[in-house]
Amino acid sequence: MNITQKKGSVHKPTMNEVAKKSGVALSTVSHVINGTAPISDETKARVQKVIEELNYTPNALARGLRHSRTNTIGIIVPDLTNEFYAKYAACLIKLAGEDEVSASLIDFGYKKEREERGVDTLIRSRVDGVIFLGGSQDENLIERLDKANIITVFADRYYKDYPSVSFDNYETMYQLIRCLWENGYTKIGYISEAMTMVNLIDRYRGIMDALNNYNMELQKDWTLEDSWLRMEKLHTAKDMVNRLIGRISRDSMPEVLIASSDMIAIGILDALLQHGYKVPEDIGVVGYDDMTMAAYYNPSVTTVHQDYAAAARETYRLLCDKLAGREENEHVVIHNELIIRKSLVLKK
């Protein structure tokens, strides 16, 4: 397994840009590259000149899929109402469209039976490749795709023996706890969706290992997990914190509450503020994902930025590589960035 560490990806010229600068249709550029239709010598020369000027490299998928069955790929997403997943999927669809590849999007809403039906639909549609965005260890579905000779790539998660792109969730949370410890915080709470997703498990491991290393304890009262947070993050988080405030004294509250997503963090903030807590003076709050709303809530939410666009480009590249015949299963790790805003005070 080849593991590649990346902070992001530089912009690569697209087929759309070649078409626009050449003054021809996207399909014409594709035909020039693949030799799949008669094109005049003058047009060929113009397109080739632009390709050289832009240093455009035809994607392996654009070159290779003309021999495939459908020129389509499948993208399986757990929740399209989640801004992170929606933007990641949108980037993948855009990249595929630039190669004249259609993308079938399956939103299974965290329901296993819907995910199974979606995979069966993609198999019947004879897609050329499938991208799992998020998810858990679903060996049965992967086995079905393997039997159908459909390439599988994993996004926002590591999966052994398959190409995959993930974020450094473990290291991010470990360094966050270290940062809090260095700034004098020792009473840390964590609120998360049910930890069945690989990325959530990695985040929790990072928190626990760092707490143990710095001799801090994650008290039971401050560790809250609920499966309802998957689909109803804002209201469920607010209700959970309301109940927490109702059963423990003000002096027993944590100094910082970390949430597994920004929407959960906003629900936490709403409950704290309504009960008269000052944020960040009384309790600091940290989210995850760097959603648009996090920057505009008052106080703005300290969060972890995940470069979904860079991750999408790497995911699509890995799919292209496999469809072009690459045997090695590369794993790419995208680095996260802690964004400090007004919901947390750091002294150092």
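Preceding this paragraph is the structure being described.
Overview of the structure. This one's a predicted model, so the numbers in the text were calculated from it and none came from an experiment.

### A look at the overall build of the protein
1) Next: From N to C terminus, the protein includes twelve helices and 13 strands.
2) Next: Its C-alpha atoms give the protein principal-axis dimensions of about 80 × 40 × 35 Å.
3) Next: Scored against the burial criterion, the 348 residues of the protein give a buried share of 53%.
4) Next: Carbon together with sulfur atoms contributes 49% to the accessible area of the protein, which is approximately 15,800 Å² in total.

### A closer look at the pairing of strand β6 (residues 164-167)
1) Next: Every second residue of β6 is oriented toward a common face, with Ser164 and Ser166 on one face and Val165 and Phe167 on the other, all of them buried.
2) Next: Here strand β5 (residues 151-155) pairs with β6 via two bridges, running parallel. Along β6, the bridge assignment pairs Phe154 with Ser164.
3) Next: Bridging between β6 and strand β12 (residues 330-334) involves four bridges; their strand directions are parallel. By the bridge assignment, Val165 is partnered in β12 with Val332.

### Looking at the nonpolar core
One recurring pattern in soluble globular proteins: nonpolar side chains tend to sit buried together.
1) Next: Within the largest apolar cluster, 50 residues are counted, with the highest numbers of intra-cluster contacts made by Tyr88, Ile177, Leu180, Ile188, Val256, Ile258 and Tyr316.
2) Next: With eight residues, the top contributor of residues to this core is helix α5 (residues 83-98).
3) Next: With residues near it in sequence (within four places) discarded, Ile177 still touches Ile188, Ile207, Ala210, Leu211, Met216 and Ile258.
4) Next: Ranked by size, the runner-up nonpolar core spans 27 residues in total, among them Met240, Val241, Ala265 and Ala294.

### Thoughts on empty space enclosed by the protein
1) Next: The full count for this structure, using the stated rule, is one cavity of 30 Å³ or more.
2) Next: Taken as a whole, the largest cavity encloses approximately 120 Å³ of empty space.
3) Next: Broken down by element, the residue count for the lining of the largest cavity peaks at three residues, all from helix α9 (residues 198-213).
4) Next: Its residues placed into classes, the lining of the largest cavity shows five nonpolar, four polar and five charged.

### Here's the deal with the sheet that holds strand β10 (residues 284-286)
1) Next: Spatially, four strands are ordered β8-β7-β9-β10 in an open sheet, and the strand pairing comes out parallel. Of all the strands in the sheet, the pair left with one neighbour each is β8 (223-225) and β10. Adjacent strand axes in the sheet meet at a mean angle of 15° when their direction is disregarded.
2) Next: Note: strand β9 (residues 256-259) against β10, three bridges, orientation parallel. Residue Ile258 lies in a different strand from β10, and its bridge partner there is Val286.

### Describing the side chain of Asn82
1) Next: Tracing the sequence through the fold places Asn82 in the loop between β2 (72-77) and α5.
2) Next: Of the polar contacts made by the side chain of Asn82, one reaches the backbone nitrogen of Phe84; its length is 2.9 Å.

### Some points on the packing of helix α1 (residues 15-22) against helix α2 (residues 26-34)
1) Next: Packing of α1 against α2 leaves a shortest axis separation of 8 Å and a crossing angle of 105°. In this view, α1 runs roughly perpendicular relative to α2, as classed from their interaxial angle. Where α1 approaches α2, its residues Met15, Asn16, Val18 and Ala19 are matched on the opposing element by Leu26, Val29, Ser30 and Ile33.
2) Next: Along the lines of polarity and charge, the residues of the contact of α1 with α2 split into six nonpolar, two polar and no charged.

### What about the environment of Gly97?
1) Next: Among the structural elements, Gly97 can be located in helix α5.
2) Next: The class for Gly97 is partly exposed, based on a relative accessible area of 29%.
3) Next: Counting along the chain gives 25 residues from Gly97 to Thr72, while the straight-line C-alpha distance between them is 10.0 Å.

### Overview of the packing of helix α6 (residues 112-124) against helix α7 (residues 139-147)
1) Next: Between α6 and α7, the least distance of the axes is 10 Å, while the angle of their chain directions is 5°. Comparing their axes, α7 and α6 come out roughly parallel. Packed against α6, whose contacting residues are Lys112, Glu115, Glu116, Val119, Asp120 and Ile123, the element α7 presents Asn140, Leu141, Arg144 and Leu145 at the interface.
2) Next: Counted by class, the contact of α6 with α7 contains four nonpolar, one polar and five charged residues.

### Comments concerning α2
1) Next: Those residues of α2 lying buried are Thr28, Val29, Ser30, Val32 and Asn34.
2) Next: Downstream of α2 by one or two residues, Gly35 has phi in the positive range, about 65°.

Parameters and conventions
- Along each chain, residues carry numbers from 1 onward, in the same order as the chain's sequence is written.
- The predicted origin of the model limits local features to residues at a pLDDT of at least 70 and limits the giving and counting of side-chain atom pairs to 80 or more, whereas totals for whole chains, interfaces and linings rest on all residues.
- As a rule here, side-chain values cover all heavy atoms of the structure and leave hydrogens and water aside.
- Numbering of helices and strands starts at the N terminus; helices are DSSP runs of H or I of at least 4 residues and strands are runs of E of at least 2.
- Exposure categories follow from relative accessible area, calculated using a 1.4 Å probe and restricted to protein chains: below 20% of the type maximum is buried, above 50% is exposed, and the middle band is partly exposed.
- Values of accessible area rely on a 1.4 Å probe in the Shrake-Rupley scheme; residue burial ignores everything except the protein chains shown.
- Strand pairing is assigned whenever DSSP identifies at least 2 bridges connecting the two strands.
- In these notes, a set of buried Ala, Val, Leu, Ile, Met, Phe, Trp, Tyr and Cys residues joined through side-chain atoms within 4.5 Å is what counts as a nonpolar core.
- Residue contacts follow a heavy-atom distance rule, with two residues in contact if any of their heavy atoms lie within 4.5 Å.
- The definitions used throughout rest on a 1 Å grid laid over the protein atoms alone, on which a cavity is an enclosed set of points accommodating a 1.4 Å probe that cannot get out and a pocket is an open set flanked by protein within 12 Å on both sides along at least five of seven lines; lining residues are those having an atom within 4 Å of a point.
- Grid points are joined across faces, edges and corners, and a volume is the space filled by probe spheres set on the points.
- In this count, Pro and Cys sit with the nonpolar residues alongside Ala, Val, Leu, Ile, Met, Phe, Trp and Tyr, while Asp, Glu, Lys and Arg are called charged and the others, Gly among them, polar.
- Every angle, taken between N-to-C directions, lies between 0 and 180 degrees, and every axis is a line fitted to C-alpha atoms, over only the stretch in contact when it is a helix.
- Two N or O atoms form a polar contact when they lie within 3.5 Å of each other; inside protein one atom must be a possible hydrogen donor and the other a possible acceptor, and for residues adjacent in sequence the pair counts only when both atoms belong to side chains.
- The labels follow the angle: roughly parallel below 35 degrees, roughly antiparallel above 145, roughly perpendicular from 65 to 115, and oblique for the rest.

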